[in-house]
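Structure assessment
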Amino acid sequence: MRYEVKAVLAGQGTVLLELDAENKDDARLQVTARGGMVLNVRRRFTGWMPKPKLRFPLAHFSQELLSLLEAGLSLVESIETLLDKEQDAGVRKIIEGLLARLYEGVTFSRALESYPQAFPALYVATARASERTGDLPEALKRFISYQAQMDLVRKKLIGASIYPVLLLVIGLLVAMFLLVFVVPKFSAIYEDTSADLPWLSVLLIQWGHFVHEQGWLLAGAAAATLGVTIYGITRPLFRPWLAQQLWRIPAIGERMRVYQLARFYRTLGMLLRGGIPVTKALEMVSGLLQPHFRPRVQAAATRIREGKRSPVRWKQRG
């Protein structure tokens, strides 16, 4: 359960914290364990909406860790410093786990593997490659640069997609307005004429009668459809399904293809610069692509492993 705790922390004054706890007493114990004094605790109601996933600030974490390492601190000292300054309970829990694993003597990459929800396989591979060369700061620089480039590409693609999506949404809203409010009024005018009307005009007249007589039923159906849509958006399987449907739209699908290939090539290049073998790198980055691309990458990795040349040719999905 989620709780909001108003507390006083040393050096920070009065703060408002959001914690995951079994009950109010557990939330109080979490704050007092950090040396704080609890002022108020109340449960945060989340309703039927699913619990939001923890978004670990990976880029920010990497940048701060790089700064501390370049300042001369050891890896353990750097993690301890990041733990002391962190306020978010979920993030603190992950950093505490990393620190505990490092205290046990495991490598940094193996410690990262314990938290796949925060550190993707690419980040773990970058850390593992740096352990071979003993240059973790350089590996972090490569990842931060890669992440910045990918964020820039993503922003450009989203910016280029806003206009067509906006036109599509406005067009649908205008069409709905015409069908619900304008067409029924014109249908009454056509109905008064005694001339033979085209079948489309007859269809408009019938639609007008339906809206006039079953308006509340139509409104209820629209509300139910909207509710089902909102509920579907909150489901885990909705986003993959939506991405698959967007891929079928030519204008949007082409931009998604360009983004996926750009991410694939840049990620592959970063892994190769970090010392990862090409076959292993291809296997790691194949998950970044849509399913219909992956067999080609796997085939290329197999042929390279066999000592053959296998250039991968990308074609737009038909």
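To keep things clear, this report deals only with the structure shown in the data block. (Residues numbered from 1 in each chain as written. Predicted model: local features only at pLDDT ≥ 70, side-chain atom pairs only at ≥ 80, totals over all residues. Heavy atoms only, no water.)

**Points about the overall build of the chain**
Tallying secondary structure elements over the chain gives 13 helices and 3 strands in all. Scored against the burial criterion, the 318 residues of the chain give a buried share of 32%. Summarising the internal contacts of the chain: among those between residues at least 6 apart in sequence, 49% fall at separations of at least 24. With an accessible surface of roughly 20500 Å², the chain has 61% of that area assigned to carbon and sulfur atoms. (Helix = DSSP H or I, 4+ residues; strand = E, 2+ residues; numbered from the N terminus. Buried < 20%, exposed > 50% of the residue type's maximum accessible area, 1.4 Å probe, protein only. Contact = heavy atoms within 4.5 Å. Areas by Shrake-Rupley, 256 points an atom, 1.4 Å probe, with all protein chains shown as cover.)

**Quick look at the pattern of salt bridges**
Within the structure shown, the criterion is met by 6 salt bridges. Lys85 is paired through a salt bridge with Glu64; the nearest N and O atoms lie 3.3 Å apart. Of this pair, Lys85 sits in helix α3 (residues 75-85) while Glu64 sits in helix α2 (residues 58-70), and the two are 21 residues apart along the sequence. Take Lys85: its relative accessible area is 41%, and that puts it in the partly exposed class. Residue Lys141 pairs with Glu70 through a salt bridge whose shortest N-O separation is 3.1 Å. Pair noted here: Lys141 is in helix α7 (residues 136-192) and Glu70 is in helix α2, with a separation of 71 residues, a long-range link. (Salt bridge = Lys/Arg side-chain N within 4 Å of Asp/Glu carboxyl O.)

**Comments concerning the nonpolar core**
Core analysis: the biggest nonpolar cluster contains 51 residues, and Phe56, Phe61, Leu65, Leu112, Phe119 and Tyr123 have the highest contact counts within it. Broken down by element, the residue count for this core peaks at 8 residues, all from α7. With sequence-adjacent residues up to four places away left out, Tyr123 is seen in contact with Leu58, Phe61, Ser62, Leu112, Leu140 and Phe143. Grouped together as the second largest cluster of nonpolar side chains are 13 residues, Ala7, Leu9, Leu17 and Val31 included. (Core = buried A, V, L, I, M, F, W, Y, C linked by side-chain atoms within 4.5 Å.)

**Concerning helix α8 (residues 199-213)**
Over its 15 residues, α8 runs 21 Å from end to end, which matches the ideal 21 Å to within 8%, given 1.5 Å per residue. Here α8 has its buried residues at Ser201, Ile205, Gly208 and Val211. All buried residues of α8 fall inside an arc of 125° around its axis, so they share one side. Facing away from the buried side of α8 by over 90 degrees, the exposed positions are Trp199, Gln206 and Glu213. (Expected span 1.5 Å × (residues − 1). Arc of directions from axis to C-beta.)

**A word on the packing of α3 against helix α4 (residues 89-103)**
One can describe the packing of α3 onto α4 by two numbers: an axis separation of 10 Å at closest approach and a directional angle of 155°. It follows that α3 is roughly antiparallel to α4 by the angle criterion. For the pair α3 and α4, the sense of crossing is left-handed. Here Leu75, Val76, Ile79, Glu80, Leu82, Leu83 and Asp84 of α3 come into contact with α4, specifically with Arg92, Ile95, Glu96, Leu99, Leu102 and Tyr103. A breakdown of the residues in the contact of α3 with α4 according to their chemical character gives 9 nonpolar, no polar and 4 charged. (Axes fitted to C-alpha atoms, helices over the stretch in contact; angles between N-to-C directions. Parallel < 35°, antiparallel > 145°, perpendicular 65-115°, else oblique. Left-handed = near helix turned anticlockwise from the far one by under 90°. Nonpolar A, V, L, I, M, F, W, Y, C, P; charged D, E, K, R; others polar.)

**Points about the packing of aromatic side chains**
Within this structure, the stated rule accounts for 7 aromatic pairs. Aromatic side chains Phe143 and Tyr146 sit 6.1 Å apart centroid to centroid with 50° between the ring planes, which places their arrangement in the tilted category. Pair noted here: Phe143 and Tyr146 are both in helix α7, with a separation of 3 residues, about one helical turn. The pair Phe143 / Tyr146 is uniform in exposure class, with both members buried. Taken together, the ring pairs connect Phe56, Phe61, Phe119, Tyr123, Phe143 and Tyr146 into an aromatic cluster. (Phe/Tyr/Trp six-rings, centres within 6.5 Å; stacked < 30°, edge-to-face > 60°.)

**Digging into a nonpolar patch on the surface**
Together, Ile158, Ile162, Leu166, Ile170, Val174, Phe177, Leu178, Leu179, Val180 and Phe181 make up a nonpolar patch on the protein surface, roughly 890 Å² of accessible area in all. With respect to the element layout, Val174 can be found in helix α7. Owing to a relative accessible area of 43%, Val174 belongs among the partly exposed residues under this scheme. (Patch = residues over 30% accessible without salt bridge, like charges linked within 9 Å, V, L, I, M, F, W, Y side chains within 5 Å.)

**Re the pairing of strand β1 (residues 2-9)**
A regular strand carries its side chains on alternate faces of the sheet. In this sheet, strand β2 (residues 13-20) lies alongside β1 in antiparallel orientation, the contact comprising 8 bridges. Residue Ala7 lies in a different strand from β2, and its bridge partner there is Val15. The pairing of β1 with strand β3 (residues 37-43) spans 6 bridges and is classified as antiparallel. Within β3, the residue paired with Val8 across the bridge is Met37. (Pairing = 2+ DSSP bridges.)

**Concerning the environment of Met284**
Along the chain, Met284 falls in helix α12 (residues 278-285). Met284 sits in the partly exposed class, given a relative accessible area of 26%. Those residues in contact with Met284, other than ones at most four positions away along the chain, are Ala121, Ala125, Leu271 and Ile276.

**Observations regarding the sheet that holds β3**
If you trace the 3 strands from one edge of the open sheet to the other, you get β2-β1-β3, paired in antiparallel fashion. At either margin of the open sheet sits one strand with a lone partner, and together these are β2 and β3. Looking at each pair of strands side by side, their axes are set apart by 20° on average, direction ignored.

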